[in-house]
Amino acid sequence: MCIRDRCKDILQRAAELYVLFNREYFEFYIKSVLGISRNIHTEKEDMRKSVGVYSTFRNITLLTEFRAKIEELADELMERVEAQGVVGRTLTLTIKTYKFIMTQK
């Protein structure tokens, strides 16, 4: 299958892509297929979109230890956010178990 056929297929399935991806990604794919691109990038687009704190630690079984660890990580995150002078709307806690199962809250 040549590139032209792949692009044609993407255009024919544009409605599916619109449902599957957010608006920004959808527009990127459609513009790429149509050969429309930008060569100017604004500073806003290059801004960092997230601030995170990650830590690996031994298994925790007691609720009090778990709360203490979360408070420690929250304090570190607050320091980073204040240092960068940013604000946010969403906070996501991702927990990976010793079996590498990930849960997000």
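Residues numbered from 1 in each chain as written. Predicted model: local features only at pLDDT ≥ 70, side-chain atom pairs only at ≥ 80, totals over all residues. Heavy atoms only, no water.

## Concerning unusual backbone geometry
Backbone geometry follows two general trends: most residues other than glycine have a negative phi, and most peptide bonds adopt the trans configuration. The phi torsion at Phe100 lies on the positive side, around 65°, for a residue other than glycine. Residue placement: Phe100 occurs in the loop between strand E1 (94–96) and strand E2 (102–104). When its relative accessible area of 65% is taken as the criterion, Phe100 is described as exposed. (Helix = DSSP H or I, 4+ residues; strand = E, 2+ residues; numbered from the N terminus. Buried < 20%, exposed > 50% of the residue type's maximum accessible area, 1.4 Å probe, protein only.)

## Description of the environment of Val81
In this fold, Val81 is placed in helix H4 (residues 63–84). When the C-alpha positions of Val81 and Gly52 are compared, they lie 8.9 Å apart, and in sequence the two are 29 residues distant. In this structure, Val81 is in contact with Val51 and Val86, ignoring residues within four places of it in sequence. (Contact = heavy atoms within 4.5 Å.)

## Re the side chain of Lys69
Relative to the assigned elements, Lys69 resides in helix H4. Here Lys69 falls in the buried class, since its relative accessible area comes to 15%. Setting aside its immediate chain neighbours within four residues, Lys69 contacts Ser55, Phe57 and Ile60.

## Here we look at the environment of Gln104
Topologically, Gln104 is positioned in strand E2. Among the residues examined, Gln104 registers a relative accessible area of 55% and is labelled exposed. On a C-alpha basis, the gap between Gln104 and Thr94 in space is 4.4 Å, while along the polypeptide they are 10 residues apart. Gln104 has contacts with Thr92, Leu93 and Thr94, leaving out every residue within four places of it along the chain. Looking at Gln104, its side chain comes within polar contact range of the side chain of Thr94, at 3.3 Å. (Polar contact = N/O pair within 3.5 Å; in protein donor to acceptor, adjacent residues only side chain to side chain.)

## A few points about a nonpolar patch on the surface
A cluster of nonpolar side chains, contributed by Leu20, Phe21, Tyr25, Phe28 and Tyr29, occupies part of the molecular surface with about 530 Å² of accessible area. At 3 residues, the largest contribution of residues to the nonpolar patch is made by helix H3 (residues 23–34). Topologically, Tyr25 is positioned in helix H3. You can call Tyr25 partly exposed: its relative accessible area is 45%. (Patch = residues over 30% accessible without salt bridge, like charges linked within 9 Å, V, L, I, M, F, W, Y side chains within 5 Å. Areas by Shrake-Rupley, 256 points an atom, 1.4 Å probe, with all protein chains shown as cover. Salt bridge = Lys/Arg side-chain N within 4 Å of Asp/Glu carboxyl O.)

## Brief notes about a negative patch on the surface
Together, Glu71, Asp75, Glu79 and Glu82 give the surface a local cluster of negative charge. Inspection of the secondary structure assignment puts Glu82 in helix H4. Using a relative accessible area of 59% as the deciding quantity, one classes Glu82 as exposed. (Lys, Arg positive; Asp, Glu negative; His and termini not counted. Charge placed at Lys NZ, Arg CZ, Asp CG, Glu CD.)

## Things to note about the packing of aromatic side chains
Tallying each qualifying case throughout the model produces 1 aromatic pair. For the pair Tyr18 and Phe26, a centre-to-centre distance of 5.1 Å together with 85° between the ring planes defines the contact as edge-to-face. For Phe26, a relative accessible area of 16% puts it in the buried group. (Phe/Tyr/Trp six-rings, centres within 6.5 Å; stacked < 30°, edge-to-face > 60°.)

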